[in-house]
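# Reading the structure
Residues per chain, in single letters:
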Amino acid sequence: MTMAAHALYGLDLLATAVMLIDEHERVHYMNPAAENLFGLSSRNAEGTPIESLFTSSEVLGAAIGYARDNNCSYLEHDLTLSANGHGPFHLSCTVTPIESYGDLPAGACLIEFRQIEQQLKIAREERMLDQSQANRELIRNLAHEIKNPLGGIRGAAQLLDRELERPGLHEYTQVIMKEADRLQLLMDRLLTPHRLPQPSQVNIHEVLERVRSVILAEFTGISVRRDYDTSLPAIEGDREQLIQATLNIARNAAQAITSQVPARDGTEKPGEIRLMTRIARQVTLARKRYRHAIDVRIVDDGPGIPEPLRERIFYPLVSGREGGSGLGLTLAQNFISQHHGTITFESTPGRTCFSILLPVNEG
Ligand SMILES: Nc1ncnc2c1ncn2[C@@H]1O[C@H](COP(=O)(O)OP(=O)(O)OP(=O)(O)O)[C@@H](O)[C@H]1O
Ligand SMILES: [Mg+2]
């Protein structure tokens, strides 16, 4: 088959690894994704029996046999293959016998390979997405339920405060009022993400410059370095929400840095936050594929996120900080997902990197 013919089938363009074999199980064609996956060159592989390309290929052989015998598509979920020193790969594969047409050989079979790690990753991301949507609903309802009686409690305490004759008792009503106010503030913070976003064209660097100046004003002894790709396009979004989301992440970074005990000899250099922007291509965000996205990274050289917190830091009320309310990242995630984006992080002592991906809507 000529290259032009493959391009016609469109197989060259697929991100999925695909091979075509003939009736004698010899490789007739493999697409670039398959070459990449297995580290094989299609020129060398063509004409070779498929089973001899791989070590331990019995399961693959059986899948091909089954598909041929029954003349139907067969899905093998649990396949482990190594090729040419690459692997072992944990794969699923679909074998489909195809009618011969054009210059396809008689008795051809199409084999598609998918890496299971990748499937697990997608499934995990989908689960997280569902979970964070469910969380958001729960928080919203709960905050509403708490807010209403809270107003009543505070009002009643205020009335009682006026009626009390013994001055010593005012202390108690004051505690009720103060605590009710604190809870009210917390509930207000929980409910803010539900105001309707006000979209406009936002330049992400203006957002980051605002965040930078707030951080520099709030914290001393921290430097905030910029590493911007100034060619990035504007995105449509709610400026205030994007500032708030980025600020919550940057503020955590600044708090983590300043919480470190300084070295005794005083030689330690001041902590640093780096604000980075890059373009990302061909990304899938919340189940939708985009040609371009903006990748905003907030990197700090602080102590890192404590191991036991890592799985849960986006959950509400999870905090590793004295006096923290554990809402900063929950809110940041809410704001970013309203923009159809995602937040992920990597953290080791000395380097924590939060990455915000925001889709660019094109034409
Ligand atoms: N860059 C970071 N380095 C180290 N730990 C971090 C970092 N970012 C977040 N964390 C940890 O994650 C926890 C959760 O952060 P989050 O912003 O949600 O809540 P908080 O900062 O505790 O409270 P709030 O932001 O509501 O005042 C933090 O308390 C901290 O322990
Ligand atoms: Mg915070």
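Remember, predicted model here, so these are calculated numbers, not experimental data. (Residues numbered from 1 in each chain as written. Chains lettered and ligands numbered in written order. Predicted model: local features only at pLDDT ≥ 70, side-chain atom pairs only at ≥ 80, totals over all residues.)

All right, on to the overall build of the chain then. In terms of regular secondary structure, the chain is built from 10 helices and 13 strands. Computed over the C-alpha atoms, the radius of gyration of the chain is 29 Å, more than 25% above the 21 Å expected from 2.2 N^0.38 for a compact globule of 363 residues. The buried share among the 363 residues of the chain stands at 26%. Contacts in the chain between residues far apart in sequence, at least 24 positions, make up 60% of those at least 6 positions apart. (Helix = DSSP H or I, 4+ residues; strand = E, 2+ residues; numbered from the N terminus. Rg over C-alpha atoms; globule rule 2.2 N^0.38 Å. Buried ≥ 20, exposed ≤ 12 C-beta atoms within 10 Å, placed from the backbone. Contact = placed C-beta atoms within 7 Å.)

All right, on to the packing of helix H8 (residues 204-218) against helix H9 (residues 239-258) then. Contact geometry for H8 and H9: axes closest at 9 Å, N-to-C directions at 40 degrees. The orientation of H8 relative to H9 falls into the category oblique. As for how H8 packs across H9, the hand of that crossing is right-handed. Along the contact surface, H8 presents Val207, Leu208, Arg210, Val211, Val214 and Ile215, while H9 presents Arg239, Leu242, Ile243, Thr246, Leu247, Ala250, Arg251 and Ala254. Taken together, the residues of the contact of H8 with H9 sort by class into 10 nonpolar, 1 polar and 3 charged. (Axes fitted to C-alpha atoms, helices over the stretch in contact; angles between N-to-C directions. Parallel < 35°, antiparallel > 145°, perpendicular 65-115°, else oblique. Left-handed = near helix turned anticlockwise from the far one by under 90°. Nonpolar A, V, L, I, M, F, W, Y, C, P; charged D, E, K, R; others polar.)

Now for the site of ligand 1. By nearness alone, 22 residues border ligand 1, and Ala256, Ser319, Gly320, Gly324 and Gly328 come closest of all. For the shell around ligand 1, the elements supplying multiple residues, two or more each, are H9 and helix H10 (328-338). The greatest single-element share of the shell around ligand 1, amounting to 4 residues, is contributed by H9. Considering only residue class, the shell around ligand 1 consists of 8 nonpolar, 12 polar and 2 charged. (Near = placed C-beta within 6 Å.)

What follows concerns the sheet that holds strand S10 (residues 271-285). Sheet strands associate in pairs through backbone hydrogen bonding, adopting either a parallel or an antiparallel arrangement. Sheet architecture is open: 5 strands sit in the order S8-S10-S11-S13-S12, paired in mixed fashion. In the strand order of this sheet, the two ends are held by strand S8 (222-227) and strand S12 (342-348), each with one partner. Strand-to-strand twist of the sheet, defined as the mean angle between neighbouring strand axes without regard to direction, takes the value 20 degrees. Bridge count between S8 and S10: 6 bridges; the pairing is parallel. Its bridge partner lying in S10, arginine 226 is registered against leucine 275. Packing against the sheet, H9 makes contact with S8, S10, strand S11 (288-300) and strand S13 (351-359), and its axis sits at approximately 30 degrees to S11. (Pairing = 2+ DSSP bridges.)

Another point: the domain arrangement of the chain. The extent of an interface is frequently quoted as the accessible surface area lost upon association of the parts. Each assigned domain of the chain is listed with its residue range as follows: domain 1 (3-121), domain 2 (122-194) and domain 3 (200-260 + 270-359). Each of domain 2 and domain 3 was reduced to a C-alpha centroid, and the two centroids are 27 Å apart. The interface is formed by 8 residues belonging to domain 2 together with 11 residues belonging to domain 3. Looking at the side of domain 2 that touches domain 3, the elements with two or more residues in it are helix H6 (116-163) and helix H7 (170-191). Partitioned by chemical class, the residues of the side of domain 2 that touches domain 3 number 5 nonpolar, 1 polar and 2 charged. (Domains from an automatic or database assignment.)

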